[in-house]
Amino acid sequence: MSLQETRCPRCGKNTVITDIVSQEVLCSKCGVVLEEKVNDSGPERTFTNSTTRKSHTGDKATLTRHDRGLNTMINPFDKDSSGNPLSASMKSSLKRLRRWDNRSHMKNNDERNLQQALSELLKLKEKLSLPDAVVEKASYIYRKALEKKLIKGRSISALIAAALYAACRESETPRTLQEIASSIGIKRKELTANYRLIFKELELKIPVVDSVLCVAKIASNAELSEKTKRHAVEILKKAEKQNALAGKHPMGLAASALYLASIDLDENRTQKDIADAAGITEVTIRNRCKGLRTVL
């Protein structure tokens, strides 16, 4: 609501307000309605943490669409504002306008490339259950790669997968190379090569993955209890205090800690069960367990 500099004609008090939700001008003292259906003159979008409406017209702007969500679309239904069918000549004109409108959204090869890449990205988001922030970051990284012409001679699927992996690493979201490669249908080696390329060319600052963040995911896949998960975290923290985690693969460390925790708490899980849940080999678990046992 917003306060207006107008006195109520009924009670004479300076308590006239505008209710944006009901679109009415009324007196907050006596309740008399002075005007109905006023236009909302507020901003189109607000970028605050408030719980009020964020937008009046359409969806918010986003990097996950090739046009950033700002383009409009001609209504596909051949009816006028009253719901009556259009004449044959008007239908023909609208069909031609829709075709021109669709062509105007993609003016060059880069925009067509971006549309295809972002379409692949949204599929990956659903398959890997990723949050919106990670997908937005991946879209930003891919746009930067497109600006630097890194896509030339390379697969769109491999480069968008590499951008997504980089976004997961930056946001410390535990997703492995093999998971992303399998989800999009490319080889792990191809994904690795493209990730190294964008890491070098875009000068990305990637933090080291904390093995503790991987524990919850592996425990969920292996159906381990919350008690085992907490015990595994304690094992990793003890090993970290003694500098026993440096240079080791975080997923392997988390899986090994969970395996040792499951033994301590009598949960029957084999090395193969834990390895399959983490997407690593049994040999990795055996090697990491040797190192963790020395610090316990």
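Residues numbered from 1 in each chain as written. Predicted model: local features only at pLDDT ≥ 70, side-chain atom pairs only at ≥ 80, totals over all residues. Heavy atoms only, no water.

Q: Sorry if this is basic, but what is going on with the state of the cysteines here?
A: Working definition: the covalent bond between the sulfur atoms of two cysteines is a disulfide. Tallied over the full model, the rule gives zero disulfides. Note on C30: no disulfide assigned, nearest cysteine sulfur contributed by C27 at a separation of 3.7 Å. (Disulfide = S-S within 2.5 Å.)

Q: Which parts of the structure should I look at to understand the nonpolar core?
A: Grouped burial of nonpolar side chains is what soluble globular proteins tend to show. Counting 40 residues, the largest nonpolar core has Y142, L164, L191 and I198 as the members making the most contacts within it. Of all the secondary-structure elements, those providing two or more residues to this core are α2 (109-128), α3 (132-147), α4 (156-170), α5 (177-184) and α6 (188-201). Looking at which element gives the most residues to this core, the answer is α4, with 12 residues. Apart from the residues lying within four places of it in its own chain, the contact partners of L164 are L121, L124, L128, L130, V134, A138 and I180. (Core = buried A, V, L, I, M, F, W, Y, C linked by side-chain atoms within 4.5 Å. Buried < 20%, exposed > 50% of the residue type's maximum accessible area, 1.4 Å probe, protein only. Helix = DSSP H or I, 4+ residues; strand = E, 2+ residues; numbered from the N terminus. Contact = heavy atoms within 4.5 Å.)

Q: Where do I start with the side chain of T192 in this structure?
A: For T192, the position within the fold is in helix α6. Among the polar contacts made by the side chain of T192, one reaches the main-chain carbonyl oxygen of R188 at a distance of 2.8 Å. (Polar contact = N/O pair within 3.5 Å; in protein donor to acceptor, adjacent residues only side chain to side chain.)

Q: How should I be thinking about the pattern of salt bridges in this particular structure?
A: Opposite charge on two side chains lets them pair, provided their charged atoms get close. In total, this model carries seven salt bridges according to the counting rule given. When the shortest N-O distance is used, the salt bridge between K217 and E179 registers 2.2 Å. A residue pair is termed long-range when its members are at least 10 positions apart, and K217 in helix α7 (residues 212-222) and E179 in helix α5 qualify at 38 residues. Under the relative-accessibility criterion, K217 is labelled buried at 17%. Among the ionic pairs, E226 bridges to K229, the shortest N-O distance being 3.1 Å. (Salt bridge = Lys/Arg side-chain N within 4 Å of Asp/Glu carboxyl O.)

Q: Looking at this model, I keep getting lost on α2. Mind explaining?
A: At 3.6 residues per turn, the α-helix brings residues three or four places apart onto the same side. For α2, which comprises 20 residues, the first-to-last C-alpha distance of 29 Å matches the rise-based estimate of 28 Å (1.5 Å per residue) to within 8%. Restricting attention to buried positions, one finds in α2 the residues N113, L114, A117, L118, L121, L124 and L128. Taken down its axis, α2 places every buried residue within 125° of arc, on the same side. Across from the buried face of α2, at angles greater than 90 degrees, the exposed residues are E126 and K127. Taken together, the buried residues of α2 touch α3, α4 and α5. In the segment just after α2, S129 is the residue with positive phi, at about 55°. (Expected span 1.5 Å × (residues − 1). Arc of directions from axis to C-beta.)

Q: Whenever I open this one, helix α10 (residues 271-278) confuses me. Can you help?
A: Buried within α10 are the following residues: Q271, I274, A275, A277 and A278. An end-on view of α10 places all buried positions within 160° of arc, on one side of the element. In this structure, the buried residues of α10 make contact with α7, α9 (250-264) and α11 (282-293). Where α10 terminates, the next one or two residues include G279, which has phi positive at roughly 75°.

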